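In case you want the letters, here they are:
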Amino acid sequence: MGTHRSDATLSRRKFLGSGALIGAGGLAALTFTPTDRAFAANPRFSNLKPMRPAPQTFGGTVPTPPLASLVLNKAGYGPRPGDVDAFNALGGDDASRMAAWVDLQLNPTVADPELDNRMASYLGNGLEYDTINKSLTQLWSEHARFEGNDEYQARNRPRWQMERLIVLRALYSRWQFREVMNDFWFNHFNVTGDNFPAQSMLPHYDREIRSHIFGNFHDMLEANARTASMLYYLDNYRNSWPNPNENYAREVLELHTLGAIENYYGAIDPSAIGNNSQGQRAGYCEIDVFEFAKALTGWGVADGDDDAPDTGEFLFRSDRHYDEHGSDPIRVLDVTLSSDGGENDVTDILRYLADHYGTARFMAWKMCTRLVGDNPDQALVASTADQFYNRRNDSDQLKEVYRHILMSSQFQSTWGSKVKRPLENIFTAMRATDIDIDFRNDHNPSNQVFNRLDDTGHKPYDNETPTGFPDEKALWSGSGPLVTSWRTITYFLRRSGVESDGELEYFNLAEQANTQIPSTANRTPTLLVDMWMLRLRGYGYDSAIRNRMITYVSDRAGVGATQSLQDEMDTDNLANNSQYQEITYTLVGLILMSPDAIRR
């Protein structure tokens, strides 16, 4: 990958956040015990206490869940109450239900009523979501270029709002697959949210990605290449001949199109690289990176430099562009540019890269890895690549590629090959408990949850590398990311029944339980556990986990497994500090933090 500017120092926050990348093995290396050599060899460590051991989790074998739960957890952020029933009502069998659900999710053409209603009161000037609909030029002039006493707040306000909007959309949008794929594509074209000008331009950057999610990959690629956020992030905004910057050129080849897994050949003569099955040169080498960087000279941003307007829009500066085409043509793989095409030098190359079968292979692998598993079936990858390549000129190319993956037997039968990353784990918990919150900036209940995301290593827009947040199971299965996400979940669970300004802060879980089990005689440990398992996950867990949870509730309540909790407590007392409420939210936490809850 190309180099990328970053802070010279590693802050404590970023070090703790990096636990998401350490994984189980790396975390074990950081977890000392009193018998470790470091303690024995150096007396300075003699009085230090060992770190706490990783939390123990329930064992047991977990079968593949019913299709509704599998789909809602893999192609969405998990079911809310009623979602499983709604899925099952789409048809008389799994095949018809799946086809109907996929058709709905791939065509998000109608309104998003709950999300829209929750946002409606916060869109006016000076309110919590007043920047998200601003145009590119408004964001640039009113935020990126703002100067004055409130400069930091003004420049970062769009980012802060977009961070909260990510959460709000995940919780309440009916178009769950769109939100999952928006996350996929943002990480594919990652920019860091606290860099200039991204912190001010994120609403525009997000719109550019969203507008192409179900469209054509080439259109998305070229639109992204013209954004101020990407041009600044990868240092192409000042790319000039005769000193081209290779950073963006390298990342387009390595990350955005061909990828470096199958298609990078290193520092060799291009003529030594053979052709692929489509008759195209099979991959790229170092010379292609430099040649592409030459083509990219002159691409930049209207930032007021050299008498240009200061609008933040894309600007091609012909006087900075490579000018020796005739004597030394630009050659990138099979593209030869022997005459100066201006900004079209780049668009010609981007079109070629988008249409390359190597790009189809790389993108098919990435999408199958995201949606199916870390080691996706090679036949599925190959057929997905063919779909991607054969539909390269279609306006709905990506939509039909998604359909191919979602309707595959591999997607519908693979379970547990992935784990939910911290943010996804938290979203699932919030959706499952039917949290009621207009998540937004400058709002204390929202901020109390959001501020805890910083420690998970998975805060929105906070990844500093061009690769975006990783997706592989092994990188998110360590104790670090699990514990930090569980702390956030535990925080809002313990607020069950708490009121602020006369309204519930988040939810009342004991009240939800009583709605499902209205008879006090039926509020037994067994029925309570079964109800919450079905409500939170859409299916029951294996008997070992179920029995342990029933035993926990029985012991806490002092009743038998089939005896009413009402015999020992008032189950109509819904206060936050009531024994019934505490048992309820602790049980919910055990279910949400069990091994199966983070599988997808």
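The following paragraphs examine the structure supplied in this document. (Residues numbered from 1 in each chain as written. Predicted model: local features only at pLDDT ≥ 70, side-chain atom pairs only at ≥ 80, totals over all residues. Heavy atoms only, no water.)

1. Some remarks on the pattern of salt bridges
Spelled out, the test is: By salt bridge we mean one thing: a side-chain nitrogen of Lys or Arg within 4 Å of a carboxyl oxygen of Asp or Glu. Between buried and exposed lies partly exposed: a residue is buried under 20% and exposed over 50% of the maximum accessible area for its type, with that area taken using a 1.4 Å probe on protein chains only.
Tallying each qualifying case throughout the model produces 53 salt bridges. With its nearest N and O atoms 3.3 Å apart, the salt bridge here joins Arg164 to Glu163. For the pair formed by Arg164 and Glu163, the shared burial category is buried. Residue Asp288 is joined to Arg281 by a salt bridge in which the shortest nitrogen-to-oxygen separation is 2.7 Å. Considered together, Asp288 and Arg281 belong to a single accessibility category, that of buried residues.

2. Some words on helix H7 (residues 113-120)
What counts, and what does not: Helix and strand assignments follow DSSP, with helices taken as H or I runs no shorter than four residues and strands as E runs no shorter than two, numbered in order from the N terminus. In this context, the arc is that of the directions from the helix axis out to the C-beta atoms. Every residue pair with non-hydrogen atoms within 4.5 Å of one another is taken to be in contact.
By the burial criterion, the buried members of H7 are Leu115, Arg118 and Met119. All buried residues of H7 lie within an arc of 95° about the axis, which places them on one face of the element. Where H7 is buried, its residues meet helix H9 (151-172).

3. Quick notes on the environment of Arg546
Turning to its location among the elements, Arg546 is positioned in helix H26 (residues 543-557). When the C-alpha positions of Arg546 and Asp530 are compared, they lie 7.8 Å apart, and in sequence the two are 16 residues distant. What Arg546 contacts, discounting residues up to four positions off in sequence, is Thr526, Val529, Asp530 and Met533.

4. Section: unusual backbone geometry
Between Phe196 and Pro197 the backbone carries a cis peptide bond, its omega angle lying at -5°. The peptide bond linking Trp241 to Pro242 adopts the cis configuration, its omega dihedral lying at 20°. In this structure, Asp434 takes a positive phi of about 55° despite not being glycine.

5. What to know about the packing of H7 against H9
Pairs of packed helices are described in terms of their axes, by the angle between the two and the distance that separates them. Keep this limit in mind: Lines fitted to the C-alpha atoms define the axes, with helices restricted to the stretch that makes contact. Angles between their N-to-C directions range from 0 to 180 degrees. In this scheme the crossing of two helices becomes right-handed for a clockwise turn of the near helix relative to the far one and left-handed for an anticlockwise turn of less than a right angle. Charged means Asp, Glu, Lys or Arg here, nonpolar means Ala, Val, Leu, Ile, Met, Phe, Trp, Tyr, Cys or Pro, and polar covers whatever is left, Gly included.
Put simply, H7 and H9 touch, their axes get as near as 9 Å, and they point 145° apart. Here H7 runs over H9; the crossing is right-handed. Two secondary-structure elements touch here, H7 through Glu114, Leu115, Arg118 and Met119 and H9 through Leu165, Leu168, Arg169 and Tyr172. Its residues assigned to classes, the contact of H7 with H9 comprises five nonpolar, no polar and three charged.

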